[in-house]
Amino acid sequence: MMAAPGAGDFIPPDAHGVAVNRLRFLTAEPAEPNKVRPPILASWHRSRALNVVADKIELPYLRDPDLDTPLIRSAEPVLRRLHEQLAGQAVSIVLTDPTGLVLSRRTADTGLERHLDRVRLAPGFSYAEQFVGTNGIGTALEAGSATQVFGHEHYAENLENLACAGVPIHDPISGRLVGLIDLTCWRRDAEALLLTLAKNTADQIQRALLTYSEMREFAVLQAYRQTCRRTSGIVFAVTDDVVMMNDHARAALEPPDQAAVLAHAVEAGATLAAGRRRSVEAVLPTGAPVRMYCQQVDSDSDLAGLVVHVKIGQREDRSRGRHQAPDRMLLPGLVGTAPSWQRACREIEAAVTAGTWVALEGEPGVGKSALLRAVQLRRRPPQRCTVLDANDYRRDGTTWMTAVRQALTEKATVVVPHIDALDGLGSRAFCAALQEARRVPAADRPQVAVTTRPGVAREAIGQLLSFFPTTVSVPPLRLRLDDLPALVPFFLAKVGPDGQHVSCSAEAMRLLMRYSWPGNVQQLQQLLHQVVQHRRGGSIDAKDLPPELHSISRRVLSTLESMERDAIVRSLADTNGNKVQAARSLGMSRATIYRKIHEFGIITPG
């Protein structure tokens, strides 16, 4: 007895039998299994479950897809040669990204090209199964293997006069899906060689990708070896898929410190252009202060990786004339000993370690995304972390959803902040993408985490949160003010000018401890960054802090009241706290300035 053919086997189906059974299926009657190939029937069922419309084609469109990628660069010469070989043939060569978004199309036959334009099989349109139903692109991506769809096997009737052969393209090093090659022709012209040709083309592109990756990795390896020869210290090299370190790094740094150095370096390197350098100060989990010298390495005008030279030393506290013992870090790049903060760190680390999808709830600026990055970098340093802010959905929903679907096809960490910004349509689309990602075997599934504000109505994001078994609450800064003596020097080391030490005086720290920090840790870091623009060395005094930190108001001040408060604070600072002189400079009586100081909760100097 002959085995049933698979989706990738070319056995011309009985066109009449398939057409009849497709009609039966679309009218809710059972299709005859022996008349329709099982993979095609399974795809029809998925298409119906996704509410795909069979009598018309309506596809999302992305105006400017990213064409500056390793896939495009590697595939371009392969597809150009194939197009030249097929000159005069009615065959279209289509390249897509991992989500089915068409990136390029080459067609030698004008008649076929006009038809493909009518059915939107063109750059910028997505041929994912969820939009157009059974087809050579979307069904091959769903099946994860080479697939041919012939004539009436297409779910959409507008495609029934076409034959398509799609083959997924995988990164030859990481194995992750990076795109798909599709060959489309008229149904009457389809031959068994169509799928064979598509497979051969995919193989050529994967070999080109390997060559491209080897060139980039060779450039990083060369820069890494040069740095190792120039110094006997700690040297790291980082690419998308590889982390290298010399013997000195392995001997001098504990595993948590290695992960912390990597986390700081990757964060610093994200803003560096090719060939540029940057130095960064940090405090490691074991308490050792380090300075890292980061350099972006390029290969053929493309960023290839990062090389980092690390020096371990002691940070001198010049304000007291002795060395400062920094606080130990529970996670790389994060400080704080408050029980509520450490509990949040432990809970999120436990969830990520177990491979559980997790949601973080907290006010804006508390450090939800930073916590997620720190945890995943500590546990799995080489793994890529993709952050896709849901606020971007409001600006361009199609582009954002395309990026989300692509990220969820990779075995990486995907962080989606601000899911409460999604509307109903965006929330449902995100749920569908998560549902697809959950079909993947656990070993190949991405680690997904989301963040949201507290107090969001559960009916708005309840369905989304059902995908995340664990929810962790991250405390606001006002509930862990005891962490400020550790946070302030930590941020000053990050935002301070290179080679300059900036500390915080006891009086300035007293004001920082009294403030309520509505913007949380993010506001603290931004404030310190602004302060060091004017105080580039020495100690930050109370007068260096903005006026709002010099008052403890019991109510929200109007714009006019805030301006008045700021003027009083500046005058008091200029007169060293002398209220009589401050009142005179402002043109107000002593009684008025005393009343205003009490009303605005102004803290007078010393």
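Our structure is the block above this text.
Please read these numbers as outputs of a predicted model, since none were measured by experiment.

**Q** Would you take a moment to explain the environment of Lys411 for this structure?
**A** Positionally, Lys411 belongs in the loop between helix 13 (397-407) and strand 15 (413-416). In this structure, the C-alpha to C-alpha distance between Lys411 and Ala442, residues 31 residues apart in sequence, is 10.0 Å.

**Q** Which parts of the structure should I look at to understand the side chain of Thr139?
**A** Within the element layout of this structure, Thr139 appears in helix 6 (residues 138-143). Only 3.3 Å separates the side chain of Thr139 from the side chain of Ser43, close enough to count as a polar contact.

**Q** Would you mind going over the packing of helix 1 (residues 15-26) against helix 2 (residues 38-49) with me for this structure?
**A** Describing two packed helices takes the angle between their axes plus the distance from one axis to the other. Between helix 1 and helix 2, whose axes approach to 12 Å, the crossing angle comes to 30 degrees. Between helix 1 and helix 2, the angle is such that the two are roughly parallel. You can see that helix 1 and helix 2 cross each other, and the crossing is right-handed. Here helix 1 contributes Val18, Asn21, Arg22 and Phe25 to the contact with helix 2, which in turn contributes Leu41, Trp44, His45 and Arg48. Grouping the constituent residues of the contact of helix 1 with helix 2 by class yields four nonpolar, two polar and two charged.

**Q** How do you make sense of helix 20 (residues 579-586) when you look at a structure like this?
**A** Because each turn of an α-helix spans 3.6 residues, side chains separated by three or four positions end up pointing in the same direction. At the N-terminal boundary of helix 20, the capping side chain belongs to Asn578, with an oxygen 3.1 Å from the backbone nitrogen of Val580. Positive backbone phi, at 75 degrees, marks Gly587, one or two positions downstream of helix 20.

**Q** Sorry if this is basic, but what is going on with a positive patch on the surface here?
**A** Together, Arg225, Arg229, Arg230 and Arg277 make up a positively charged patch on the protein surface. The residue Arg277 is located in strand 8 (residues 277-283) in this model. Of the residues examined, Arg277 reaches a relative accessible area of 58% and is grouped as exposed.

**Q** What should I look at first to understand the side chain of Ser279 in this one?
**A** Looking at the secondary structure, you find Ser279 in strand 8. At 3.2 Å, the side chain of Ser279 forms a polar contact with the side chain of Arg291.

**Q** Can you help me understand unusual backbone geometry in this one?
**A** Excluding glycine, a negative phi dihedral is what most residues carry, and trans is how most peptide bonds are arranged. Phi at His418 takes a positive value of approximately 60 degrees, unusual for a residue other than glycine. Here His418 shows up in the loop between strand 15 and helix 14 (424-438).

**Q** Just to check I follow, could you spell out the sheet that holds strand 13 (residues 358-361) for this structure?
**A** Neighbouring strands of a sheet are bound in pairs by backbone hydrogen bonds; such pairs are parallel or else antiparallel. In space, the five strands of this open sheet follow the order 14-15-16-13-17, with parallel pairing throughout. The open sheet has two edge strands with one neighbour each: strand 14 (385-387) and strand 17 (470-473). Across the sheet, the mean angle from the axis of one strand to that of its neighbour is 20 degrees, orientation sign disregarded. The strands that helix 10 (residues 339-353) touches are strand 13, strand 16 (447-452) and strand 17; relative to strand 17, the one it contacts most, it runs at about 160 degrees.

Definitions and cut-offs
Residues numbered from 1 in each chain as written. Predicted model: local features only at pLDDT ≥ 70, side-chain atom pairs only at ≥ 80, totals over all residues. Heavy atoms only, no water. Helix = DSSP H or I, 4+ residues; strand = E, 2+ residues; numbered from the N terminus. Polar contact = N/O pair within 3.5 Å; in protein donor to acceptor, adjacent residues only side chain to side chain. Axes fitted to C-alpha atoms, helices over the stretch in contact; angles between N-to-C directions. Parallel < 35°, antiparallel > 145°, perpendicular 65-115°, else oblique. Left-handed = near helix turned anticlockwise from the far one by under 90°. Contact = heavy atoms within 4.5 Å. Nonpolar A, V, L, I, M, F, W, Y, C, P; charged D, E, K, R; others polar. Patch = residues over 30% accessible without salt bridge, like charges linked within 9 Å, V, L, I, M, F, W, Y side chains within 5 Å. Areas by Shrake-Rupley, 256 points an atom, 1.4 Å probe, with all protein chains shown as cover. Salt bridge = Lys/Arg side-chain N within 4 Å of Asp/Glu carboxyl O. Lys, Arg positive; Asp, Glu negative; His and termini not counted. Charge placed at Lys NZ, Arg CZ, Asp CG, Glu CD. Buried < 20%, exposed > 50% of the residue type's maximum accessible area, 1.4 Å probe, protein only. Pairing = 2+ DSSP bridges.

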